Amino acid sequence: SSWWSHVEMGPPDPILGVTEAYKRDTNSKKMNLGVGAYRDDNGKPYVLNCVRKAEAMIASKKMDKEYLPIGGLADFTRASAELALGENSEAFKSGRYVTVQGISGTGSLRIGANFLQRFFKASRDVYLPKPSWGNHTPIFRDAGMQLQAYRYYDPKTCSLDFSGAMEDISKIPEKSIILLHACAHNPTGVDPRQEQWKELAAIVKKRNLLVYFDMAYQGFASGDINRDAWAVRYFIEQGINIVLSQSFAKNMGLYGERAGAFTVICSDADEAKRVESQLKILIRPMYSNPPVNGARIASMILNTPDLRKEWLTEVKGMADRIISMRTQLVSNLKKEGSSHNWQHITDQIGMFCFTGLKPEQVERLIKEFSVYMTKDGRISVAGVTSGNVGYLAHAIHQVTK
Amino acid sequence: AYRTDEGQPWVLPVVKKVEQMIANDNSLNHEYLPILGLPEFRANASRIALGDDSPAIKENRVGSVQSLGGTGALRIGAEFLRRWYNGNNNTATPVYVSAPSWENHNSVFMDAGFKDIRTYHYWDAAKRGLDLQGLLNDMEHAPEFSIFILHACAHNPTGTDPTPEQWKQIAAVMKRRSLFPFFDSAYQGFASGSLEKDAWAVRYFVSEGFELFCAQSFSKNFGLYNERVGNLTVVGKDADNVQRVLSQMEKIVRTTWSNPPSQGARIVATTLSSPQLFDEWKGNVKTMADRVLLMRSELRSRLEALGTPGTWNHITEQIGMFSFTGLNPKQVEYMIKEKHIYLMASGRINMCGLTTKNLDYVAKSIHEAVTKIQ
């Protein structure tokens with residue numbers, strides 16, 4: 001007999017399931033809109049030029065493979081903080097922050113979650129927007145926190161339920177933790193406008209909530225890194241000492257290299273040092289120290305003026321292609337003769353779009369048209385190309401007319 | 001970390017070659033790996049630990065989880081055991097760590113949620129060797145189903161390993177008392193220069209029918225320290241059990257790091273799956289192991305030539321990167337303050353720090369410390 005007889009089979013990952021089914025499909029017109037990775041207009045993965053250049057530069061330096069410090073590559077963490085906070089940020093310049101390298105967005109979120117579990121004694125409750133990225137809930141749960149929700153997405157309008165969000169947030173018990181998507185909300189693509197962010201900042205301040213920002217798409221949402229970080233920077237300027245998780249998976253295309261960072265804005269540099277020491281104590285029994293490759297590439301890009309410039313152009317290029325696909329999808333739907341209001345497709349931002357399609361309609365799209373997406377009607381706009389946007393519009397019109 | 005005779009870090013020549021191959025391969029990109037890691041890496045890594053002819057592999061009852069170094073593999077294994085071993089979420093299951101051990105072992109299992117972490121006798125300071133009786137005694141009296149962290153080879157920090165005969169005795173007790181073996185294998189190949197020899201204990205346990213975990217690190221034997229290349233090998237009773245275990249480990253990975261870093265795994269997978277590169281790698285590993293073995297024998301012969309009080313055969317009987325010299329804290333302080341030789345208060349030295357240039361100085365300094373300080 002085995003020690004593991006009672007171990008249940010884990011449920012299959014819903015998003016992976018989409019890709020598996022897609023792979024098995026033999027229809028030449030098939031489309032994978034479940035993929036959470038950018039694709040170029042030929043539907044291929046895109047390795048950024050600045051990444052290739054950075055890799056060549058790194059190779060020529062012939063560096064050794066000695067362990068990184070527990071907190072990661074210093075040039076990377078400093079550059080990550082500066083990218084998020086802005087070079088003129090008082091918090092950045094005064095050094096009242098600590099940034100540690102994390103295993104992309106997930107690893108950074110998890111470090112933060114564990115840190116809060118251990119040191120934020122005021123509450124166990126983390127408030128997520130409804131809906132949120134599917135992995136947020138298990139990350140915080142495994143870290144020992146409890147999950148709550150605030151209204152966010154309005155399925156009737158396919159946009160932000162701002163009054164619902166404000167109402168719910170105003171009732172959150174003081175000193176709870178609230179998680180906000182900095183830009184390009186996943187999975188809805190619905191972001192607050194700047195005036196709305198201002199109101200959100202005021203209410204979380206009033207409720208004395210600890211703000212946890214998840215920024216996985218800086219630059220990738222609007223094409224402008226400063227614009228995408230506006231909410232993060234505004235909150236800090238309002239005196240809200242946030243914690244922040246960053247990912248370079250999408251905006252630098254470094255997915256499998258796992259480049260990310262976790263930041264805590266502190267009262268002063270001394271507090272930052274103490275927080276850093278505790279973060280290291282959390283990281284060491286998880287994986288000792290982080291992987292170098294992605295961090296080195298990201299650091300090279302952020303810290304080399306020419307490469308940084310090229311990166312900004314390339315990330316804008318990716319964002320622009322996504323925005324153009326949104327526009328083309330809407331115009332193609334009109335051409336198909338759809339009478340529905342598809343404005344939300346262009347109002348939403350980032351990689352994902354909540355189409356508003358119902359599960360039965362999604363099922364038909366999969367079965368009849370080989371267009372694959374998750375049951376909630378979420379599509380990855382990154383999977384749309386000028387070559388297949390017409391087919392997609394046609395398919396959507398067929399199941400919604 | 002390993003150092004050359006010039007006291008420098010060493011990127012293995014085979015690694016440099018493979019990195020160049022990877023850099024020149026324009027078909028490669030930076031897409032996400034699967035949650036459990038690069039398939040070619042996982043299969044090859046477990047094959048290295050268990051052997052090409054492993055019955056467990058043939059019987060399809062081996063699973064692998066690519067992890068962030070050996071630490072990451074330990075953590076995934078520990079998290080899984082806390083959730084699924086000896087009941088559900090049984091945080092009271094005792095976890096036994098050798099006295100002494102790598103200090104991070106405690107933290108890994110504690111942060112994974114285990115509440116009862118104990119030590120088992122291991123190092124006998126008086127005779128400077130393995131306290132086998134103490135070890136076996138602890139196993140006899142450990143609660144049934146306790147988890148034991150075993151160092152597969154090159155015990156850290158003592159450098160003292162059980163002999164094959166002693167491993168057989170350990171396995172017999174563990175089988176009889178239903179204790180769970182969790183191997184930590186951070187030095188396969190690096191210890192003796194032979195992959196097979198350094199994996200003997202793990203393979204013996206498998207041949208004895210144990211279900212076990214083995215956390216593997218490729219930091220030292222591939223010199224890939226900062227790429228964080230590790231693998232958790234799971235050996236189960238049958239394929240069905242292993243499949244369910246892996247499906248649950250996938251859930252744990254998903255909330256810890258989602259999917260592992262690709263660069264280091266690619267290097268290892270490419271090397272292990274090419275007969276030519278594999279041979280080249282084994283040669284590089286032997287180079288490192290041989291240098292350490294040479295430093296051990298050179299240090300011992302110098303101490304014996306100097307007539308340094310005490311016996312020094314433990315220097316060559318111990319194996320791997322570290323050696324428990326037997327120096328006491330006062331003597332260690334003398335080494336640090338007066339001779340500027342840095343070692344741990346436990347008397348542990350890193351053999352990789354020795355070079356042909358500093359052997360004489362180190363030997364003389366140990367001699368002074370032992371004769372001047374009691």
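Along every chain, residues carry numbers that run from 1 in the direction the sequence is written. Chains and ligands are labelled sequentially in the order written, the chains with letters from A and the ligands with numbers from 1. Restriction of local features to residues with pLDDT of at least 70 applies here, the model being predicted, together with a cutoff of 80 or more for giving and counting side-chain atom pairs; totals for whole chains, interfaces and linings are based on all residues. As a rule here, side-chain values cover all heavy atoms of the structure and leave hydrogens and water aside.

A.B. asks: What exactly am I supposed to notice about the overall build of chain B here?
C.D. replies: Elements are defined by DSSP. Helices are runs of H or I of four residues or more, strands are runs of E of two residues or more, and each kind is numbered from the N terminus. Broken down by element type, chain B carries 15 helices and eleven strands. In terms of overall dimensions, chain B has C-alpha extents of about 60 × 55 × 35 Å along its principal axes. Per-residue burial over chain B gives 61% buried out of 374 residues. Only heavy atoms enter the contact rule, under which two residues are in contact if any of them lie within 4.5 Å. Excluding contacts between residues fewer than 6 apart, the proportion of contacts in chain B whose partners are at least 24 apart in sequence is 75%. Computed by Shrake-Rupley with a 1.4 Å probe, the accessible areas treat only the displayed protein chains as cover when residues are assessed. As displayed, chain B offers around 13700 Å² of accessible surface, 51% of which is attributable to carbon and sulfur atoms. Measuring between centres, the 40 positive side-chain charges of chain B sit 2 Å from its 39 negative side-chain charges. Note on classification: 1.4 Å probe, protein chains only; a residue is buried when its accessible area is under 20% of the maximum for its type, exposed when over 50%, partly exposed between these limits. Charged residues are defined narrowly, with Lys and Arg counted positive, Asp and Glu counted negative, and His plus the chain ends left uncounted. Where a charge lies is defined by one atom per residue type, namely NZ (Lys), CZ (Arg), CG (Asp) and CD (Glu).

A.B. asks: How do you make sense of the pattern of salt bridges when you look at a structure like this?
C.D. replies: Where charged atoms from two side chains of opposite charge come close, those side chains can pair. Think of a salt bridge as a Lys or Arg side-chain nitrogen and an Asp or Glu carboxyl oxygen that are within 4 Å of each other. Counted by the stated rule, this structure contains 41 salt bridges over all chains. The shortest N-O distance in the salt bridge between Asp-240 of chain B and Arg-244 of chain B comes to 2.9 Å. One end of the pair is Asp-240 of chain B and the other is Arg-244 of chain B, both in helix α10 (residues 239-256) and four residues apart, which spans about a single turn. Where Glu-298 of chain B meets Arg-302 of chain B, a salt bridge forms, and the shortest distance between an N and an O atom there is 3.0 Å. Taken together, the residues Glu-298 of chain B and Arg-302 of chain B, both in helix α12 (residues 275-306) and four residues apart, mark about one turn of the helix. The class of Glu-298 of chain B is partly exposed, set by a relative accessible area of 25%. Connected through salt bridges with shared partners, the residues Asp-142 of chain A together with Arg-75, Glu-79, Arg-82 and Arg-83 of chain B form a single ionic network.

A.B. asks: Mind showing me how you'd approach the domain arrangement of chain A here?
C.D. replies: Reports often express the size of an interface as the amount of accessible area lost when the parts come together. Residues and elements named next belong to chain A. What marks off one domain from the next here is an automatic or database domain assignment. Each assigned domain of chain A is listed here: domain 1 (14-46 + 320-399) and domain 2 (67-303). On a C-alpha basis, the centres of domain 1 and domain 2 stand 29 Å from each other. In this assembly, 16 residues from domain 1 lie in contact with 17 residues from domain 2. Taken together, both faces of the contact between domain 1 and domain 2 bury some 1300 Å²; the carbon and sulfur share is 66%. As used here, buried area is the combined drop in accessible area, with a 1.4 Å probe, of two parts when they are placed together. If you sort the residues of domain 1 by the area they bury against domain 2, Ile-349, Phe-352 and Phe-354 come out on top, with a joint share of 41%. Definition of a polar contact: a pair of N or O atoms within 3.5 Å, with one able to donate and the other able to accept a hydrogen when the atoms are protein atoms, and with sequence-neighbouring residues admitted only if both atoms are side-chain atoms. For the pair domain 1 and domain 2, the number of links is four residue pairs in polar contact (both at pLDDT 80 or more). For the side of domain 1 that touches domain 2, the elements supplying multiple residues, two or more each, are α13 (305-336) and β11 (352-354).

A.B. asks: Is there a simple way to think about the environment of Phe-190 of chain B in this case?
C.D. replies: Residue placement: Phe-190 of chain B occurs in the loop between β7 (180-185) and α8 (195-198). Those residues in contact with Phe-190 of chain B, other than ones at most four positions away along the chain, are Tyr-2, Asp-198, Lys-220, Val-285, Met-288, Ala-289, Met-321 and Cys-352 of chain B.

A.B. asks: Looking at this model, I keep getting lost on the packing of helix α5 (residues 104-119) of chain A against α10 of chain B. Mind explaining?
C.D. replies: To describe two helices that pack against each other, one gives the angle between their axes and the distance between the axes. Comment: axis = line fitted to C-alpha atoms, over the contacting stretch for helices; angle = value between 0 and 180 degrees taken between N-to-C directions. Following both chains from N to C, one finds α5 of chain A and α10 of chain B inclined at 85°, their axes separated by 7 Å at the closest point. Taken together, the axes of α5 of chain A and α10 of chain B lie roughly perpendicular to each other. Residue-level contacts link Thr-106, Gly-107 and Arg-110 of chain A of α5 of chain A to Arg-254, Thr-255 and Thr-256 of chain B of α10 of chain B. In the contact of α5 of chain A with α10 of chain B, the residues fall into no nonpolar, four polar and two charged. Throughout this description, any angle smaller than 35 degrees is read as roughly parallel, any larger than 145 degrees as roughly antiparallel, any in the 65 to 115 degree range as roughly perpendicular, and the remainder as oblique. Following the grouping adopted for this structure description, the nonpolar residues are Ala, Val, Leu, Ile, Met, Phe, Trp, Tyr, Cys and Pro, the charged ones are Asp, Glu, Lys and Arg, and the polar ones are all others, Gly among them.

A.B. asks: I would appreciate a short explanation of the packing of aromatic side chains in the present structure.
C.D. replies: Aromatic rings considered in pairs are described by the distance between their centres and by the relative angle of their planes. Aromatic rings from Phe, Tyr and Trp, with only the six-membered ring used for Trp, were paired whenever their centres fell within 6.5 Å, and each pair was classed as stacked if the ring planes differed by under 30 degrees, edge-to-face if by over 60, and tilted otherwise. Enumeration over the complete set of coordinates arrives at 45 aromatic pairs over all chains. Ring geometry for Phe-109 of chain B versus Phe-182 of chain B: centroids 5.7 Å apart, planes at 75°, classification edge-to-face. Placement of Phe-109 of chain B in helix α5 (residues 104-111) and of Phe-182 of chain B in strand β7 is noted, with a sequence separation of 73 residues between them. In this structure, Phe-109 of chain B and Phe-182 of chain B share a single accessibility class: buried. Taken together, the ring pairs connect Trp-3 and Trp-4 of chain A together with Phe-80, Tyr-85, Phe-109, Phe-114, Phe-145, Phe-180, Phe-182 and Phe-213 of chain B into an aromatic cluster. A positively charged side chain is recorded as over a ring if its NZ (Lys) or CZ (Arg) lies within 6 Å of the ring centre. The angle to the ring normal must also be within 35 degrees. Positioned above the aromatic ring of Trp-312 of chain B, the side-chain terminus of Arg-128 of chain B is 5.3 Å from the ring centre. Here the guanidinium or amino end of Arg-348 of chain B rests over the ring plane of Phe-322 of chain B, the centre of that ring lying 3.7 Å away.

A.B. asks: Help me understand the pairing of strand β7 (residues 177-181) of chain A, please; the structure alone is not making it clear to me.
C.D. replies: If a strand is regular, its side chains alternate between the two faces of the sheet. All names here are of chain A. With respect to burial, β7 is a largely interior element, five of its five residues being buried. A two-sided burial pattern is seen for β7, the buried positions comprising Ile-177, Leu-179 and His-181 on one face and Ile-178 and Leu-180 on the other. Across two bridges, strand β3 (residues 125-130) lies against β7 in parallel orientation. Bridging across to β7, Val-126 finds its partner in Ile-177. Two strands pair when backbone bridges link them, and β7 and strand β8 (residues 210-215) are joined in this way by five bridges, in the parallel orientation. Bridging across to β8, Ile-178 finds its partner in Val-211. Handedness of the crossover joining β7 and β8 through helix α8 (residues 194-206): right-handed. Criterion used throughout: strands pair if DSSP finds at least two bridges between them. If you view a crossover with the strands going away from you and the path from the first strand over the helix to the second runs clockwise, you call it right-handed.

A.B. asks: How should the sheet that holds strand β6 (residues 147-151) of chain B be read in this particular structure?
C.D. replies: Sheet strands line up and pair through hydrogen bonds in the backbone, either parallel or antiparallel. All names here are of chain B. Across the sheet, seven strands lie side by side as β1-β9-β8-β7-β6-β2-β3; this open sheet has mixed pairing. Of all strands in the sheet, those bounded by a partner on one side alone are β1 (62-68) and β3 (117-121). For this sheet the average axis-to-axis angle between neighbouring strands, irrespective of direction, equals 25°. Pairing geometry for strand β2 (residues 95-99) and β3, over five bridges, is parallel. For Val-97, the partnering residue across the bridge sits in β3 and is Thr-119. Across the face of the sheet, helix α6 (residues 132-141) comes into contact with β3 and β6 while running at roughly 140° to β3.

A.B. asks: I'm lost on helix α9 (residues 200-207) of chain B in this one. Help?
C.D. replies: Note that an α-helix has 3.6 residues per turn; residues three or four places apart therefore point the same way. When α9 of chain B is considered as a whole, its buried residues turn out to be Ala-201, Val-202, Tyr-204, Phe-205 and Val-206 of chain B. Immediately beyond the C-terminal end of α9 of chain B, within one or two residues, lies Gly-209 of chain B, with a positive phi of roughly 85°.

A.B. asks: Which parts of the structure should I look at to understand the UniProt feature "domain: Aminotransferase class I/classII large" (unreviewed entry) in chain B?
C.D. replies: UniProt positions are given in the numbering used here, feature names are shortened, and annotations may be inferred rather than shown by experiment. Summarizing the sequence annotation, UniProt attributes the feature "domain: Aminotransferase class I/classII large" (unreviewed entry) to residues 2-366 of chain B in the numbering used throughout. A helix fraction of 47% and a strand fraction of 14% characterise residues 2-366 of chain B, whose end C-alpha atoms lie 22 Å from each other.

A.B. asks: Can you help me understand helix α11 (residues 262-272) of chain B in this one?
C.D. replies: Within α11 of chain B, ten of the eleven residues are buried, leaving the element largely enclosed by the surrounding structure. Along α11 of chain B, the residues that are buried comprise Ser-262, Gln-263, Gly-264, Ala-265, Arg-266, Ile-267, Val-268, Ala-269, Thr-271 and Leu-272 of chain B. Where α11 of chain B is buried, its residues contact α12 (292-303) of chain A together with α1 (13-24), α2 (39-50), β1, β9 (229-235) and α12 of chain B.

A.B. asks: Where do I start with the interface of chain A and chain B in this structure?
C.D. replies: Contacts between the two partners involve 59 residues from chain A and, on the opposite side, 61 residues from chain B. Between chain A and chain B the total buried area reaches about 5100 Å² when both faces are included, carbon and sulfur atoms providing 52% of it. Three residues stand out in chain A for area buried against chain B, namely Trp-3, Trp-4 and Lys-65 of chain A, and they jointly supply 19% of the buried area on that side. If you look at where chain A meets chain B, you find seven salt bridges. Residues Arg-3 of chain B and Glu-66 of chain A are paired through a salt bridge, measuring 2.7 Å at the closest nitrogen-oxygen approach. Across the contact surface, chain A and chain B share 40 residue pairs in polar contact (both at pLDDT 80 or more). Counting only elements with at least two residues in the side of chain A that touches chain B, the list comes to α2 (49-61), α5, α6 (136-142), α11 (269-287) and α12 of chain A. Per element, the largest residue contribution to the side of chain A that touches chain B is six residues, and it comes from α11 of chain A. By residue class, the composition of the side of chain A that touches chain B is 28 nonpolar, 15 polar and 16 charged.

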